[in-house]
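Structure assessment
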Amino acid sequence: MMKWNVVIALLLVAAGNAMATETVVNERQASYREAGAGNFDAARGESMWSRQQMHAEMGQSVSCATCHSGNLSTVGKHIRTGKLIDPMAPSMNAERLTDAAKIEKWFTRNCKWTWGRECTAQEKGDFLQFIFNPNNRR
Amino acid sequence: MNKDRKFITVWCPLIRSFHWLLLAAFLTAWWADGRDIRIHIVAGTIVFGLLLFRIIWGVVGASDARFASFWPTAAALRQHLIGLLKLQSRFYRSHTPLGTIMIVMLLVSLLALTGSGMALMALQMGIGTFAGWAAQAPFATEMIIQTTHAWSFNTLQLLIAIHLAGVLAESLLQGSNLVSAMITGKKQLKE
Amino acid sequence: MKKTTFWGTILLAGCLTLSISSLAWGDSRSDDGGSYGLWSQKETALPVMNKAYQTECSACHFAYPASFLPARSWVKIMGTLENHFGENAELDAAGRQEIEQYLTAQAGDQAPSRFSRSFMRAIDSADTPLRISETAYFQREHRKVPAGLVTGNAKVRSFSNCASCHTGADKGSFNEHGIVIPGHGRWED
């Protein structure tokens, strides 16, 4: 009897997290649309994810995938420190995309480091679409 | 065999208390290092206070405690060493000549250990006798003092090992339990 | 009791009292209500107590104790986050300010703690070191550690990676009884 209670509780938590992610992603994408972005496309997000660009200080080409892996379900590894990075996919990591401030913070840092500039609202929306909804169900 | 045992009283209560308190405080400080710096410091400070006592007592104290009463001549040292190598026994009322050397080395090493410890405490925490000096001391000085503290401890470990071996050897050669003598103050004379 | 025993006991008590009481003597600057006195001394550096610092600054690396660097170093680090040792670690203004305030208030030259005096003493007043691992005190404490066990060790990689060997580092403990080098075992000094 107790075992079923635990299972149900865990499912509710998982469902709750999934709802939280969806809420946050919707809210972020709504704000990007207000800034002028159009439709969001996971395929576009995916191709940007792997797009290589030369990084002068590292002396090599880098992309999002360099640290986060092209496969969002796997553990990533920081290119300089070797530190392991939790998977990006919300299905593997319930914390992903549940905090809007955290999303914006990492966009600022990583777009600037990888591409030398801030990402546009369109690019951010496409990235979120790729991470949250790779099959582009919407 | 029930021999008629004859005992003489040698060590006064202060010397005995000093010896065992010193051991207890030293072991406490050893254990506390890395575990609780406050206990380490208090134990080490007690060691220093005991050293202070022993030096003064060795000058003005009970007759068997005075350094002058057991200080060896060069001849006595030579005689003791040769006797040891031949495993010959000879009764010594007080500390043996080599034993005296050991005591001096122990006291000097303990002074170096506690002195450097007090300096380190001042350097790292700003408290104690040397705090005023430590506030202006350069890093090179701290390194020297830290090395002194570590090396006097290493030296003491070695000296204590030799001291234990020496007490055992002399107890066997003299036919007298020197450990119990340091507890009761009475040495057994071999018949 | 014999007379010598009586006076000897007085002498012993006096010597012990003198040495114990010397613990209370100290630098007048440390005499501010006993917060730097003997009984408040810890074996550990102050563990990180600011939640923002802990969250933001241990996402990528160990959250270093503020007391290991002087305040001017923390100011410089917090003022150049867009190029933080080659990475972009930018923060929003409020977060940046909160963390800088915490770090400078707890810096080694502002709030003394277990190792701070030694760290600060080894730093020239004209220098503003950015790496704890490059300060003279740090290098002295690690002088016997072969590079092969750290920089040449895939599980450690760098002397900046404190927590990989110092098992109590997150509680501020760096003592020699708690060191386990990955792939090598315990390290006793």
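Residues numbered from 1 in each chain as written. Chains lettered and ligands numbered in written order. Predicted model: local features only at pLDDT ≥ 70, side-chain atom pairs only at ≥ 80, totals over all residues. Heavy atoms only, no water.

Considering the overall build of chain C
What counts here: Helical segments are the DSSP runs of H or I of at least four residues, strand segments are the runs of E of at least two, and each set is numbered from the N terminus. Here the radius of gyration uses the C-alpha set of atoms, whereas the globule reference equals 2.2 Å times the residue count to the power 0.38. Should any heavy atoms of two residues lie within 4.5 Å, those residues are considered in contact. For accessible areas, the Shrake-Rupley method is used with a probe of radius 1.4 Å. Any residue's cover is judged against the shown protein chains and nothing else. Residues scored as positive are Lys and Arg, those scored as negative are Asp and Glu, and His as well as the terminal groups of each chain are ignored. Think of each charge as sitting on NZ of Lys, CZ of Arg, CG of Asp or CD of Glu.
A tally of regular secondary structure across chain C gives six helices and two strands. When the helices and strands of chain C are listed from N to C terminus, the series reads α-α-α-α-α-α-β-β. Its C-alpha atoms give chain C a radius of gyration of 21 Å, clearly above 16 Å, the size a compact globule of 189 residues would have. Based on the C-alpha atoms only, the size of chain C along its principal axes is roughly 80 × 40 × 30 Å. Counting only contacts in chain C whose residues sit at least 6 apart along the sequence, the fraction spanning at least 24 positions is 54%. Carbon and sulfur atoms provide 56% of the accessible area of chain C, an area that totals close to 10100 Å². Charged side chains in chain C number 19 positive and 20 negative. The centres of these two groups are separated by 10 Å.

Side note on the confidence of the model for chain C
Residue and element names in this part refer to chain C. Where we set the bar: Across the chain, each position has a pLDDT score giving the predictor's confidence in that residue, from 0 to 100.
Residue-level pLDDT values for chain C average 89, and 94% of them are 70 or greater. The weakest mean pLDDT in chain C belongs to strand 2 (residues 185-186) at 90; the strongest belongs to helix 3 (residues 71-78) at 98. Below a pLDDT of 50 lies the segment residues 30-35, which in the model reaches five contacts outside its immediate sequence neighbourhood of four places, other chains included. The ipTM for the predicted assembly is 0.89, set against a pTM of 0.86.

Some remarks on the interface of chain B and chain C
Stated precisely, the cut-off is as follows: Accessible-area loss on putting two parts together, using a 1.4 Å probe and summing over both, is the definition of buried area adopted here. As used in this structure description, the phrase polar contact means that two N or O atoms lie within 3.5 Å; if the pair is within protein, one of them must be able to donate a hydrogen and the other to accept it, and residues adjacent in sequence are counted only when both atoms belong to side chains. In this count, Pro and Cys sit with the nonpolar residues alongside Ala, Val, Leu, Ile, Met, Phe, Trp and Tyr, while Asp, Glu, Lys and Arg are called charged and the others, Gly among them, polar.
Listed as interface residues are 39 residues of chain B and, on the opposing side, 38 residues of chain C. When the buried area of chain B at its contact with chain C is split by residue, Arg38, Gln124 and Phe139 of chain B rank highest and sum to 18% of it. Put simply, chain B and chain C have 14 residue pairs in polar contact (both at pLDDT 80 or more) between them. For the side of chain B that touches chain C, the secondary structure elements donating two or more residues are helix 1 (13-32), helix 2 (37-60), helix 5 (97-125), helix 6 (131-134) and helix 7 (139-174) of chain B. Counting residues per element, the side of chain B that touches chain C draws most heavily on helix 2 of chain B, at 13 residues. Partitioning the side of chain B that touches chain C into residue classes produces 24 nonpolar, ten polar and five charged.

Things to note about the state of the cysteines
The line we're drawing: We call a pair of cysteine sulfur atoms a disulfide whenever their separation is within 2.5 Å. Whether a residue is buried, partly exposed or exposed follows from its accessible area with a 1.4 Å probe, protein chains only, as a fraction of its type maximum: under 20%, in between, or over 50%, in that order.
What the rule picks out here adds up to one disulfide over all chains. Paired through a disulfide, Cys111 of chain A and Cys119 of chain A show a sulfur-sulfur distance of 2.0 Å. One quick way to see it: the torsion about the S-S bond of Cys111 of chain A and Cys119 of chain A is about -95 degrees, and its sign makes the bridge left-handed. For Cys119 of chain A, a relative accessible area of 8% translates into the label buried. For Cys12 of chain B, which is in no disulfide, the shortest distance to another cysteine sulfur is to Cys15 of chain C and amounts to 14 Å. There is no disulfide at Cys57 of chain C, and the cysteine sulfur nearest it, in Cys60 of chain C, is 9.1 Å away.

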